[in-house]
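Here are the chains, one letter per residue:
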Protein chains: 2
Amino acid sequence: MDGVHLLGEWYGCPAHTPEFRRAEALRALCLEAVRESGLAIVGDTFHQFEPQGVTGTVLLAESHLAIHTWPECGFVTVDVYVCNLATDNSDKADRLFRSLEAAFKPARRKFQVIRRGSADD
Amino acid sequence: MDGVHLLGEWYGCPAHTPEFRRAEALRALCLEAVRESGLAIVGDTFHQFEPQGVTGTVLLAESHLAIHTWPECGFVTVDVYVCNLATDNSDKADRLFRSLEAAFKPARRKFQVIRRGSADD
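Residues numbered from 1 in each chain as written. Chains lettered and ligands numbered in written order. Predicted model: local features only at pLDDT ≥ 70, side-chain atom pairs only at ≥ 80, totals over all residues. Heavy atoms only, no water.

Undergrad: When you look at the overall build of chain A in this model, what are you seeing that I'm missing?
TA: Helices and strands together make up the secondary structure of chain A, namely three helices and six strands. Taken from N to C terminus, the helices and strands of chain A fall in the order β-α-α-β-β-β-β-α-β. The C-alpha extent of chain A, read off along each of the three principal axes, is 45 × 30 × 20 Å. The buried share of chain A, reckoned over its 121 residues, is 56%. Across chain A, contacts joining residues at least 24 apart in sequence account for 60% of those joining residues at least 6 apart. Surface summary for chain A: the accessible area is close to 4,900 Å², and the carbon and sulfur share equals 51%. Between the mean site of the 13 positive side-chain charges and the mean site of the 17 negative ones, chain A shows a separation of 5 Å. (Helix = DSSP H or I, 4+ residues; strand = E, 2+ residues; numbered from the N terminus. Buried < 20%, exposed > 50% of the residue type's maximum accessible area, 1.4 Å probe, protein only. Contact = heavy atoms within 4.5 Å. Areas by Shrake-Rupley, 256 points an atom, 1.4 Å probe, with all protein chains shown as cover. Lys, Arg positive; Asp, Glu negative; His and termini not counted. Charge placed at Lys NZ, Arg CZ, Asp CG, Glu CD.)

Encoded structure:
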């Protein structure tokens, strides 16, 4: 099952926003970003850490989005993993990733792309 | 936020088991494996595809587990990502990963380890 996994680490993000600190706000941002990307939501769960910080995932028909925020460090990690069962979803994954990156406005970023499950593996 | 991300692709798994095909069975397997690893569950969501196949995540205090099964291909992908905030959770992540791998019995595997968010990045 051919797929692509985008891994981001975002440093120096302005951490005062509700999306950075609170689960409901981050969940709303993620669900909207997934919908706009054209990927299909089949479930989600988000957890609020106290006093701040969120961990959450959105299950996709195409695989998953996972995001973790550390407001005290201005730090976020994000994973967007999509499989290409019926069609190539790479562009949609990229759109989702860039949309979230634009929302968090990192000063510095680390980005990796991993191909997974290729037929020739 | 230093962390370690284990990525597995498992090929040639015997696909007749309930854990491979049904969301409730896979959820039970994952929750038990996380508990036995010593990692802390803070949420989970699993989705049943019809006629078979599952996608699911377990949110951890330390980050997340994500797993996707394709019984028609005997194929599974798994992600175990843990951050090392107060302590090094690498051994627990490895234990969780190996426990799930033992349950799925892949004939062939691809394995990658990625360090994320190191202080010197």
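Moving on from the model shown.
Undergrad: Which parts of the structure should I look at to understand helix α3 (residues 90-104) of chain A?
TA: Each α-helix turn comprises 3.6 residues. Residues three or four places apart therefore point the same way. Residue and element names in this part refer to chain A. Taking 1.5 Å of rise per residue, 15 residues should cover 21 Å, and α3 covers 21 Å from first to last C-alpha, within 8% of that figure. Taken together, the buried positions of α3 are Ser90, Ala93, Leu96, Phe97, Leu100, Glu101 and Phe104. Along the long axis of α3, the arc covered by the buried residues comes to 130 degrees, so they all point the same way. Facing away from the buried side of α3 by more than 90 degrees, the exposed set consists of Asp91 and Ala102. Where the residues of α3 are buried, they touch β1 (3-11), α1 (18-21), α2 (23-37), β4 (63-70), β5 (75-83) and β6 (108-116). (Expected span 1.5 Å × (residues − 1). Arc of directions from axis to C-beta.)

Undergrad: Teacher, can you tell me more about the packing of aromatic side chains here?
TA: How two aromatic rings sit relative to each other is set out by the distance from centre to centre and by the angle between their planes. Residues and elements named next belong to chain A. This structure, assessed with the given rule, holds 12 aromatic pairs over all chains. Aromatic rings pair up to connect Trp10, Phe20, Phe97, Phe104 and Phe111 into one cluster. Across from the ring centre of Tyr81, 4.6 Å away, lies the NZ or CZ of Arg116, which sits over that ring. (Phe/Tyr/Trp six-rings, centres within 6.5 Å; stacked < 30°, edge-to-face > 60°. Lys NZ or Arg CZ within 6 Å of the ring centre and 35° of its normal.)

Undergrad: Sorry if this is basic, but what is going on with unusual backbone geometry here?
TA: Note on backbone geometry: most residues besides glycine have negative phi, and most peptide bonds are trans. For the peptide bond that leads from Glu50 of chain A to Pro51 of chain A, omega is 10 degrees, which places it in the cis range. Looking at the secondary structure, you find Pro51 of chain A in the loop between β2 (41-48) and β3 (54-60). Although it is not a glycine, Ser63 of chain B adopts a positive phi angle of roughly 150 degrees. Note on placement: Ser63 of chain B falls in strand β4 (residues 63-70). One non-glycine residue, Lys105 of chain B, adopts positive backbone phi at about 50 degrees.

Undergrad: How should I be thinking about the sheet that holds strand β1 (residues 3-11) of chain B in this particular structure?
TA: Pairing between sheet strands relies on hydrogen bonds along the backbone, with the strands arranged either parallel or antiparallel. All names here are of chain B. If you walk across this open sheet you meet the six strands as β2-β3-β4-β5-β1-β6, and the pairing is antiparallel. Single-partner strands in this sheet number two, and they are β2 (41-48) and β6 (108-116). Each strand of the sheet is rotated relative to its neighbour by a mean of 10 degrees, with strand direction disregarded. Sheet analysis places β4 next to strand β5 (residues 75-83), joined by eight bridges and oriented antiparallel. Of the residues in β5, the one forming a bridge with His68 is Thr77. Its contacts with the sheet put helix α2 (residues 23-37) on β2, β3 (54-60) and β4, and the angle it makes with β2 is roughly 155 degrees. Helix α3 (residues 90-104) rests against β1, β4, β5 and β6 of the sheet, and its axis sits at about 10 degrees to β1. (Pairing = 2+ DSSP bridges. Axes fitted to C-alpha atoms, helices over the stretch in contact; angles between N-to-C directions.)

Undergrad: Explain the relation of the copies chain B and chain A here, please?
TA: For the pair chain B and chain A, the superposition axis carries a translation of 0.0 Å, the fit reaches an RMSD of 0.0 Å, and the rotation angle comes to 180 degrees. Seen this way, the second copy is the image of the first under a two-fold rotation axis. Of the C-alpha atoms belonging to chain B, the one lying closest to the rotation axis is found on Thr45 of chain B, 3.1 Å away. Interface overlap between copies is the fraction of interface residues in one copy that are interface residues in the other; for chain B against chain A it reaches 100%, indicating a shared surface. (Least-squares fit on C-alpha atoms with pLDDT ≥ 70 in both.)

Undergrad: Can you walk me through the pairing of β3 of chain A in this structure?
TA: The side chains of a regular strand alternate, residue by residue, between the two faces of the sheet. All names here are of chain A. The buried count for β3 comes to seven of seven residues, which makes it a mostly enclosed element. Of the two faces of β3, the one holding Val54, Gly56, Val58 and Leu60 and the one holding Thr55, Thr57 and Leu59 are both buried throughout. For β2 and β3, the ladder comprises seven bridges, and the chain directions are antiparallel. Residue pairing for β3: Asp44 is matched across the bridge by Val58. Two successive antiparallel strands, β2 and β3, enclose a turn made up of five residues, where Gly53 displays a positive phi of approximately 105 degrees. Two strands pair when backbone bridges link them, and β3 and β4 are joined in this way by six bridges, in the antiparallel orientation.

Bear in mind that shape data such as this cannot, by itself, settle questions of function.
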